[in-house]
Amino acid sequence: MKIAFVGKGGSGKTTLSSLFIRHLAANEAHVVAVDADINQHLGAALGLDDQEAAALPAMGAHLPLIKEYLRGSNPRIASAGTMIKTTPPGEGSRLLRVRENNPIYEACARTVRLDDGEIRLMATGPFTESDLGVACYHSKVGAVELCLNHLVDGPDDYVVVDMTAGSDSFASGMFTRFDMTFLVAEPTRKGVSVYRQYKEYARDFGVALRVVGNKVQGKDDLEYLRSEVGDDLLITVGHSDWVRAMEKGRPDRFEQLEAENRMALQALQNAADDSYGQRDWERYTRQMVHFHLKNAESWGNEKTGADLAAQVDPSFVLDERFARDDAAQPV
Ligand SMILES: Nc1ncnc2c1ncn2[C@@H]1O[C@H](COP(=O)(O)OP(=O)(O)O)[C@@H](O)[C@H]1O
Ligand SMILES: [Mg+2]
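Residues numbered from 1 in each chain as written. Chains lettered and ligands numbered in written order. Predicted model: local features only at pLDDT ≥ 70, side-chain atom pairs only at ≥ 80, totals over all residues. Heavy atoms only, no water.

### What about the coordination of the magnesium ion (ligand 2)?
Rules: Here a donor is any nitrogen, oxygen or sulfur atom (N, O, S) within 2.8 Å of the metal, with 3.2 Å used for Na, K and Ca; water is not among the atoms considered, so some sites may look incomplete. Under the scheme used here, helices are H or I runs from DSSP no shorter than 4 residues and strands are E runs no shorter than 2 residues, and both carry numbers assigned from the N terminus. In this scheme, a residue with accessible area under 20% of its type's maximum is buried, one over 50% is exposed, and one in between is partly exposed, where area comes from a 1.4 Å probe on protein chains only.
Looking at the magnesium ion (ligand 2), one finds its protein donor set to be Thr14 (OG1) and Asp37 (OD), positioned 2.0 to 2.1 Å from the metal centre. Of this pair, threonine 14 sits in helix α1 (residues 13–26) while aspartate 37 is found in the loop between β2 (30–36) and α2 (42–45), placing the two residues 23 residues apart along the sequence. For the pair threonine 14 and aspartate 37, a shared accessibility class is recorded, and that class is buried.

In structure tokens form, the structure reads like this:
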């Protein structure tokens, strides 16, 4: 399943993403983590030192390889050059699985060892001014979106994306690619206003959105969040001394994390699991086509000089059966 952590800068997206990833690893899940936040800190939050974090490959720098691989032998996609971030898979495309080796992971993913197992980590690479706010052809987040749209994941596979709730993700449809979106909000007006904006976009697309209150202290904070976001409030997390110790470079083993925070992480996993159970692959495919046509018309056709609507394979539906290790590629 695919899970996003979104919210305002500083709310705790990266912190909660990293705790959730550690929790999944402790539960022996298969995890691909993706750092798509403006401030690339997920590697550090997962325990990489400065040098290791700086050495993470940038997905944005491997966009040609990503496109070439995913295109496979799809006859509707004439070249990697005509592939935009919303180009959907079709007959002949290569799909990605969480549990496999492939050239994209080889180029873009690194294995991170945690206390309780290991996960794969990918990162968009640092954002520049020109990456922000535009439906940009070179968008770093575009590399993530292409991968998500070509990913076939089963119930025990977790893709966790730490991302910014920017206009980039709304323009492209990125925000519809998740089985569960956790909006991290502090009990403040700003935190809640990001929630309202996200909810507005999400409503028309059936996006499963739950609020995770962070840095919640005491009854007043809790009541504030409850009154502002109602039933969308899934759980709250308080100040964590475990997190603070890690930030000082003195990490404890993950099993030392405060019991109430461990329970909160389990609640996140349960919510994500439930939501995956309701995934409608047909609707999922339809939405990706919807955003592709929208992007083709608004800038893609002009940019590539091709009719990108012709890339849509009308009979193709992403399907869980492609997720199994032994399953054949769609041909
Ligand atoms: N529950 C928490 N307990 C203690 N510190 C926290 C908690 N959540 C976030 N922080 C701290 O707040 C700061 C911002 O969090 P971060 O996860 O980097 O936010 P974001 O990714 O949303 O910008 C970091 O220094 C982080 O360690
Ligand atoms: Mg962050």
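Moving on from the coordinates now.
### Comments concerning the pairing of strand β5 (residues 157–163)
The condition that has to hold: Pairing between strands is defined by DSSP: at least two bridges between them are needed.
The buried fraction of β5 is high, at 7 of 7 residues. Side chains Asp157, Val159, Val161 and Met163 of β5 all project onto a buried face; the interleaved residues Tyr158, Val160 and Asp162 project onto the opposite face, where all are buried too. As judged from the 4 bridges shared by strand β1 (residues 2–7) and β5, these two strands associate in the parallel manner. Bridge pairing in β5 places lysine 2 opposite valine 159.

### A few points about the sheet that holds β5
Our working rule: All axes here are fitted lines through C-alpha atoms, helices being fitted over the stretch that makes contact, and every angle between N-to-C directions spans 0 to 180 degrees. Any pair of residues with heavy atoms lying within 4.5 Å of one another is described as a contacting pair.
Pairing within the open sheet is mixed, and its 8 strands lie in the order β3-β4-β2-β5-β1-β6-β7-β8. If you trace the sheet from one side to the other, it starts and ends with β3 (109–114) and β8 (233–237), each paired once. Taken over all neighbouring pairs, the strand axes of this sheet differ in orientation by 25° on average, direction set aside. Examined bridge by bridge, strand β6 (residues 180–185) and strand β7 (residues 209–214) share 5 bridges and lie parallel to one another. Looking at the pairing, phenylalanine 182 lines up with arginine 210 of β7. Lying on the sheet, α1 is in contact with β1, β2, β3, β4 (117–123), β5, β6, β7 and β8; it crosses β5 at an angle near 165°.

### Concerning the packing of helix α4 (residues 63–71) against helix α6 (residues 140–149)
To keep it simple, the criterion reads: Each angle gets one of four labels, with under 35 degrees taken as roughly parallel, over 145 as roughly antiparallel, 65 to 115 as roughly perpendicular, and the rest as oblique. Crossing chirality is assigned from the near helix's rotation relative to the far helix, an anticlockwise turn below a right angle marking it left-handed and a clockwise turn marking it right-handed.
Running from N to C, α4 and α6 point in directions that differ by 20°, and their axes come no closer than 10 Å. What the angle tells us is that α4 and α6 run roughly parallel. Seen along the crossing, α4 lies across α6 with a hand that is left-handed. The segment α4 lies against α6, with Leu63, Ile66, Lys67 and Leu70 engaging Ala143, Leu146 and Cys147.

### Structural notes on the environment of glycine 43
Mapped onto the elements of the fold, glycine 43 is located in helix α2. For the pair glycine 43 and alanine 33, spaced 10 residues apart in the sequence, the C-alpha separation amounts to 9.4 Å. In contact with glycine 43, not counting residues within four places along its chain, are Asp35, Leu48 and Leu121.

### Brief notes about the pairing of β7
Both faces of the sheet carry side chains from a regular strand, because those side chains alternate between them. Here is the rule: For crossovers, right-handed means that the path from the first strand over the helix to the second runs clockwise, given strands pointing away from the viewer.
The element β7 is largely enclosed, with a buried count of 5 among its 6 residues. In this fold, β6 hands off to helix α8 (residues 189–203), which returns the chain to β7; that crossover is right-handed. Alignment of β7 against β8, held across 4 bridges, turns out to be parallel. By the bridge assignment for β8, valine 212 is matched with isoleucine 235. Between the parallel pair β7 and β8, the chain is carried across by helix α9 (residues 218–229), and the sense of this crossover is right-handed.

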